[in-house]
Amino acid sequence: MTIVPRTCERCGGVVPAERVEALPNTRVCVGCSRAMGGEFDVYVVPEQTGKAGSLKKNYGGYTTKKVRKPLRPAE
Ligand SMILES: [Zn+2]
């Protein structure tokens, strides 16, 4: 598999192949990611293993949920 550089969806610049390799889901270049304070918002979500409607607190643990931030054009 060859890693190819991408075009940044925010500023139109080049996303280097190294960044694409490290973060296959990335859509923005390093500069934009930094300007945005990170490309993703990460939330911690408790895993509910109990039956729906059950009041038993039977959490299995926690998972993380990554939400892509909306891309705003660079000023
Ligand atoms: Zn950019």
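Let me sum up the structure you'll find in this document. Residue indices follow the written sequence of each chain, beginning from 1 at its first position. Selection of residues for local features in this predicted model requires a pLDDT of at least 70, selection of side-chain atom pairs for listing and counting requires 80 or more, and totals for whole chains, interfaces and linings are taken over all residues.

Brief notes about the overall build of the protein chain
When helices and strands are counted, the protein chain shows two helices and four strands. Tracing the protein chain from N to C terminus, the helices and strands come up as β-β-α-α-β-β. Burial in this document is a count-based property: other C-beta atoms within 10 Å of a residue's C-beta are tallied, and the residue is buried at 20 or more, exposed at 12 or fewer, or partly exposed in between, with C-beta positions derived from the backbone. Here the protein chain, with 75 residues, has 11% of them falling under the buried criterion. Placing C-beta atoms from the backbone, we regard two residues as in contact once those atoms come within 7 Å. In the protein chain, once contacts between residues fewer than 6 apart in sequence are set aside, the share between residues at least 24 apart is 28%. A helix here means a DSSP run of H or I that spans at least four residues, while a strand means a run of E at least two residues long, and both kinds are numbered starting from the N terminus.

Regarding the environment of Arg27
By the secondary structure assignment, Arg27 is in the loop between α1 (17-22) and α2 (30-35). Along the backbone, Arg27 and Leu71 are 44 residues apart, and their C-alpha atoms lie at a distance of 9.2 Å. Sequence-distant contacts of Arg27, defined by excluding residues within four places in its chain, comprise Glu9 and Leu71.

Notes on the nonpolar core
Note on terminology: a nonpolar core is a set of buried residues of type Ala, Val, Leu, Ile, Met, Phe, Trp, Tyr or Cys, with members joined through C-beta atoms within 7 Å. Core analysis: the largest hydrophobic core is formed by five residues, namely Cys8, Val15, Val28, Cys29 and Cys32. Ignoring any residue separated from it by four or fewer positions in sequence, one finds Cys29 in contact with Cys8, Cys11, Gly13, Val14 and Val15.

Brief notes about the environment of Thr49
You can see Thr49 is positioned in the loop between β3 (40-48) and β4 (59-68). Measuring from C-alpha to C-alpha, the distance between Thr49 and Gly61 comes to 8.9 Å, with twelve residues separating the pair along the chain.

A look at the environment of Arg6
Position of Arg6 among the secondary structure elements: in strand β1 (residues 6-7). When the C-alpha atoms of Arg6 and Val20 are compared, they prove to be 7.4 Å apart, with 14 residues separating the residues in sequence. Look past the residues within four positions of Arg6 in its chain and what remains in contact with it is Val15 and Val20.

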